[in-house]
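Understanding the architecture of this molecule
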Amino acid sequence: MQALPVPTYDDVVDAAARIEGIAHRTPVLTSTTANERTGASIFFKCENLQRMGAFKFRGAYNAISHFDAEQRKAGVLTFSSGNHAQAIALSARLAGIHATIIMPHDAPAAKVAATRGYGGEVIVYDRYKEDREAIGRRLAEERGMTLIPPYDHPHVMAGQGTAVKELIEETGPLDMLFVCLGGGGLLSGSALSAAALSPQCQITGVEPEAGNDGQQSLARGERVRIDVPKTIADGAATQQLGVYTFEVIQRLVQQIVTVSDAQLVDAMRFFAQRMKIVVEPTGCLAAAAVLNGIVPVKGRRVGVVISGGNVDLERLGQFLG
Ligand SMILES: *Cc1c(COP(=O)(O)O)cnc(C)c1O
């Protein structure tokens, strides 16, 4: 199979048509407290309220919607620390095809259970010892399945870009946009939409302090690989940006900043207490950068993507208690 080209905003528009009526058009929330605290007008795009609890449904469903008859017959395969797994499992079920998911042994229990609940077949591996991409490639070859990776795939990136497309269509042009960054599927897709719909918008990626490979990569002009970071932002505990995602991020994203785990917990508490919404630690990255003034936003119209809300209730209790 020939490699797909780097996605453009046209691919985001195509993805939006494919997921219409299937993915939720998630709400955009505002908070007087957040606006007063920052002096800005903040628009939160609530992908914690997306189907299966995160934006990843968009990219997964879009990717599977491109399968031909042969690919549908053999099924889909992926590796994921959680939300992409659920997204693939649910998308596969909706498309009527089989899904196999390779998950790390320490993935949050709620995410493993939900993936199985959506009908996905789960294969567990040790993420400190084994290379999930090698396992994925081997299984794909053995079973003839199509591997859909969590971020470094043009159809996945285009699907993720639909969230910010919806956001800017609703709010009008923004001065600044903050998006969390793991492997860069969401940030690259978001950047395609923001650059097309709000060209003046300054785009900032936000990573956990413990895993700033994206920040290092942007500074050096090449993809930097780091050790598995230890952070509560499990959805952003990636070691390296993708080839496709880095290409887009390097071209369209102005800066990448980091926040600490303590700042993520503060943001989780803010969302629960003030906005009455449950946001998982990774989902708080972008908001934490804004609420803590990591980048000055005073007087600006600011988009913030809340990426997901899947967190074990017990862990949530510990964070909020
Ligand atoms: C996957 C995920 C991220 C990171 O997305 P990338 O596309 O890998 O950068 C952020 N937040 C949540 C909730 C996720 O599930």
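- Naming follows an unreviewed UniProt entry, where the chain appears as L-threo-3-hydroxyaspartate ammonia-lyase of Paraburkholderia gardini.

1. Comments concerning the sheet that holds strand β5 (residues 121-125)
- Strand order across the open sheet formed by 4 strands is β5-β4-β3-β6, with parallel pairing between neighbours. Strand pairing shows two members of the sheet lacking a second neighbour, β5 and β6 (146-147), which therefore form its edges.
- Sheet topology note: the strand β4 (residues 99-104)/β5 ladder contains 5 bridges and is parallel. Paired with Met103 across the strands is Val124, a residue of β5.
- In the packing of helix α5 (residues 83-95) onto the sheet, contacts are made with β3 (76-79) and β4, and the angle to β4 comes to roughly 170 degrees.

2. Section: the site of the ligand
- Surrounding the ligand, one finds 16 residues, the nearest of these being Lys56, Asn83, Gly182, Gly184 and Ser307.
- At 2.7 Å from an oxygen atom of the ligand is found a side-chain nitrogen or oxygen belonging to Lys56.
- Within the backbone of Leu186, one N or O atom sits 2.9 Å away from an oxygen atom of the ligand.
- Starting from 380 Å² of accessible surface for the ligand in isolation, the protein chains cover 98%.
- The residue makeup of the shell around the ligand, split by class, is 5 nonpolar, 9 polar and 2 charged.

3. Let's talk about empty space enclosed by the protein
- Going through the model one piece at a time under the given rule, you end up with 1 cavity of 30 Å³ or more.
- As for the largest cavity, its lining consists of Pro108, Lys111, Asp234, Glu280, Pro281, Asn310, Val311, Asp312 and Arg315.
- Taken together, the residues of the lining of the largest cavity break down into 3 nonpolar, 1 polar and 5 charged.

4. Thoughts on the sheet that holds strand β10 (residues 301-306)
- One open sheet holds the 6 strands; their spatial order is β1-β2-β10-β7-β8-β9, and the pairing between them is mixed. Either end of the sheet is taken by a strand with one partner, and the two such strands are β1 (28-29) and β9 (255-259).
- In this sheet, β10 lies alongside strand β2 (residues 41-46) in parallel orientation, the contact comprising 6 bridges. Pairing of Ile42 across the sheet is with Val302, part of β10.
- Sitting on the sheet, helix α8 (residues 154-171) is in contact with β1, β2, β7 (176-180) and β10, with an inclination near 140 degrees to β2.

5. Describing the side chain of Ser190
- With respect to the element layout, Ser190 can be found in helix α9 (residues 185-197).
- Residues within four places of Ser190 in sequence aside, it is in contact with Gly161, Val164, Leu177 and Val179.

Conventions used here
Residues numbered from 1 in each chain as written. Predicted model: local features only at pLDDT ≥ 70, side-chain atom pairs only at ≥ 80, totals over all residues. Heavy atoms only, no water. Pairing = 2+ DSSP bridges. Helix = DSSP H or I, 4+ residues; strand = E, 2+ residues; numbered from the N terminus. Contact = heavy atoms within 4.5 Å. Axes fitted to C-alpha atoms, helices over the stretch in contact; angles between N-to-C directions. Near = heavy atom within 4 Å. Polar contact = N/O pair within 3.5 Å; in protein donor to acceptor, adjacent residues only side chain to side chain. Areas by Shrake-Rupley, 256 points an atom, 1.4 Å probe, with all protein chains shown as cover. Nonpolar A, V, L, I, M, F, W, Y, C, P; charged D, E, K, R; others polar. 1 Å grid on protein atoms, 1.4 Å probe; cavity = no way out; pocket = protein on both sides within 12 Å on 5 of 7 lines; lining within 4 Å. Points joined across faces, edges and corners; volume = space filled by probe spheres on them.

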